[in-house]
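The primary structure of each chain is shown beneath.
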Amino acid sequence: MLTNVGVCQIDITLGDISRNLETIQRVAQQAADGGSRLIVFPEACLTGYCFESLGEALPVALRLDDLCLRPLEELCRTRNLYLVAGLLEREGDRVFNTAVLWGPGGIVSRYRKIHLPYLGIDQWTTPGDEPFSVVEIEGLRIGLSICYDAAFPEASRTLALLGADLILLPTNWPPGAEIMPRQAVPVRAMENGVYYAAASRIGIERGNEFLGLSRICDPAGRVIAEAGSSQEAILQATIDVGLSRNKHVVRVPGASELHRFGDRRPEMYDELLKPHAFPRPHDLPR
């Protein structure tokens, strides 16, 4: 069973795919040398994030069969790795904020960001059009989210209900988002009884200084590995699927027990499924 995960915190250069690819390859090799077989990089790490228009981003956005991505496929094949990296994915005149999971045999899955903030390129990307899903690799069940998705408990809960042992979050946390790594990530792990690994970026892009603060939490919400705010880092952890699959928490047998899934009351949650009338910032006049 695949149990060793590495979370890579790196700097990214806007629009310079070749340079970003070199960084990803270098750091992934280091993580693999340290024993990681599933290696996770930040949101939009291949392309950068702070584009000022869709027109500026389109020439940099990638199709998943672009030749420039072949080195990542080759790295996974030769080192027997699984690697998650973020990019801007082009489909016709649309751009998606996408995380791709590669394995030794090529692309395993992709996830297109569903929840979009009014920030950076997400002002112009198309909301994800494919449902949340979980993929199993060598016995480990993985779900993908991206950055702002972590602010919506429905996203993590859906992945957990689909059977995820581990939720991976490529992210670019901007100033003001400090509460996300420090509180939201541990809570998402605890409330769903899953491992949660967030790969953030560092550096400055068009005046925006990103927070870093990558971390890995266990199914009890405990931080088991964390990075600072300014340095490149590789976090490593071992996943115990026995912990993530046991939703029955026993504190005092027969006196203090709970079940993260069994105690749910879905019949009382109808309000969650109703359409809302709140305007998105994208839709407000400028």
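Located above this text is the structure these notes cover.
All of these numbers come straight from a predicted model, not from anything done at the bench.

Details of the packing of helix α4 (residues 153–161) against helix α5 (residues 179–192)
Part 1 of the reasoning: Two numbers describe how α4 lies on α5: the axes approach to 10 Å, and their chain directions differ by 40°. One way to sum up the angle between α4 and α5 is to call them oblique. Once α4 is placed against α5, the crossing between them reads as right-handed. Side by side, α4 and α5 meet where P153, S156, R157 and A160 of the first sit next to R188, E191 and N192 of the second.
Part 2 of the reasoning: Residue composition of the contact of α4 with α5, by class: two nonpolar, two polar and three charged.

Thoughts on the nonpolar core
Part 1 of the reasoning: Core analysis: the biggest nonpolar cluster contains 50 residues, and L38, L166, L168 and W173 have the highest contact counts within it.
Part 2 of the reasoning: Considering every element that reaches this core, the biggest residue donor is strand β9 (residues 195–199), with five residues.
Part 3 of the reasoning: For L38, the contacting residues outside a window of four places in its chain are L2, N4, V5, G6, Y82, V84, L101, I137, L140, I142, L166 and L168.
Part 4 of the reasoning: Core analysis: the next-biggest nonpolar cluster, separate from the first, contains 38 residues, I10, I12, F41 and Y49 among them.

Here we look at the sheet that holds β9
Part 1 of the reasoning: Read from one edge to the other, the open sheet built from six strands follows the order β6-β7-β8-β9-β13-β14, with strand pairing classed as mixed. Pairing within the sheet leaves two strands with one partner each, and these edge strands are β6 (134–137) and β14 (223–226). Looking at each pair of strands side by side, their axes are set apart by 20° on average, direction ignored.
Part 2 of the reasoning: With three bridges connecting them, β9 and strand β13 (residues 215–217) associate as antiparallel partners. Bridge pairing in β13 links A197 to I216.
Part 3 of the reasoning: Sheet contacts for α5: β9, β13 and β14; angle to β13, the most-contacted strand, approximately 30°.

Focus: the pattern of salt bridges
Part 1 of the reasoning: Summed over all chains, the structure comprises 25 salt bridges.
Part 2 of the reasoning: In this structure, R79 engages D33 in a salt bridge whose closest nitrogen and oxygen atoms are separated by 3.0 Å. Of the two residues, R79 sits in helix α3 (residues 70–79) while D33 sits in helix α1 (residues 17–33), which places them 46 residues apart along the sequence.
Part 3 of the reasoning: Across the pair E91 and R94 runs a salt bridge, and its minimum N-O distance is 2.5 Å.
Part 4 of the reasoning: By relative accessible area, E91 is classed as partly exposed at 33%.

Focus on the packing of aromatic side chains
Part 1 of the reasoning: In the structure shown here, the tally under the stated rule is two aromatic pairs.
Part 2 of the reasoning: On the basis of an interplanar angle of 85° and a centroid distance of 5.0 Å, the ring pair of Y148 and F152 is categorised as edge-to-face.

Points about the packing of α1 against α3
Part 1 of the reasoning: The N-to-C vectors of α1 and α3 enclose an angle of 15°; their axes lie 11 Å apart at closest approach. In terms of orientation, α1 and α3 fall into the roughly parallel class. The two elements α1 and α3 cross, and the hand of that crossing is right-handed. In contact with L21, I24, Q25, A28, Q29, A32 and D33 of α1, α3 contributes P71, L72, L75 and R79.
Part 2 of the reasoning: When its residues are assigned to classes, the contact of α1 with α3 shows seven nonpolar, two polar and two charged.

Re a nonpolar patch on the surface
Part 1 of the reasoning: Residues M268, Y269, L272 and L273 make up a contiguous nonpolar surface patch of roughly 480 Å² in combined accessible area.
Part 2 of the reasoning: Residue placement: L272 occurs in the segment after β17 (256–259).

Concerning unusual backbone geometry
Part 1 of the reasoning: The phi dihedral of N80 is positive, around 55°, even though this residue is not glycine.
Part 2 of the reasoning: Here N80 is to be found in the loop between α3 and β3 (82–91).
Part 3 of the reasoning: Taking relative accessible area as the criterion, N80 reaches 38% and is therefore assigned partly exposed.
Part 4 of the reasoning: In the Ramachandran plot, C147 falls in the positive-phi region, its phi being about 45° despite a non-glycine side chain.

Some words on the layout of surface pockets
Space left empty within the atom packing is revealed by a probe, the size of a water molecule, rolled over the atoms.
Part 1 of the reasoning: Estimates place the volume of the largest pocket at around 390 Å³.
Part 2 of the reasoning: Every residue along the wall of the largest pocket is listed here: P153, E154, R157, T158, L161, E191, R264, P266, Y269, D270, L272 and L273.
Part 3 of the reasoning: In terms of residue count, the dominant contributor to the lining of the largest pocket is α4 (five residues).
Part 4 of the reasoning: A per-class count over the lining of the largest pocket returns six nonpolar, one polar and five charged.

Parameters at a glance
- Residues numbered from 1 in each chain as written.
- Predicted model: local features only at pLDDT ≥ 70, side-chain atom pairs only at ≥ 80, totals over all residues.
- Heavy atoms only, no water.
- Axes fitted to C-alpha atoms, helices over the stretch in contact; angles between N-to-C directions.
- Helix = DSSP H or I, 4+ residues; strand = E, 2+ residues; numbered from the N terminus.
- Parallel < 35°, antiparallel > 145°, perpendicular 65-115°, else oblique.
- Left-handed = near helix turned anticlockwise from the far one by under 90°.
- Contact = heavy atoms within 4.5 Å.
- Nonpolar A, V, L, I, M, F, W, Y, C, P; charged D, E, K, R; others polar.
- Core = buried A, V, L, I, M, F, W, Y, C linked by side-chain atoms within 4.5 Å.
- Buried < 20%, exposed > 50% of the residue type's maximum accessible area, 1.4 Å probe, protein only.
- Pairing = 2+ DSSP bridges.
- Salt bridge = Lys/Arg side-chain N within 4 Å of Asp/Glu carboxyl O.
- Phe/Tyr/Trp six-rings, centres within 6.5 Å; stacked < 30°, edge-to-face > 60°.
- Patch = residues over 30% accessible without salt bridge, like charges linked within 9 Å, V, L, I, M, F, W, Y side chains within 5 Å.
- Areas by Shrake-Rupley, 256 points an atom, 1.4 Å probe, with all protein chains shown as cover.
- 1 Å grid on protein atoms, 1.4 Å probe; cavity = no way out; pocket = protein on both sides within 12 Å on 5 of 7 lines; lining within 4 Å.
- Points joined across faces, edges and corners; volume = space filled by probe spheres on them.

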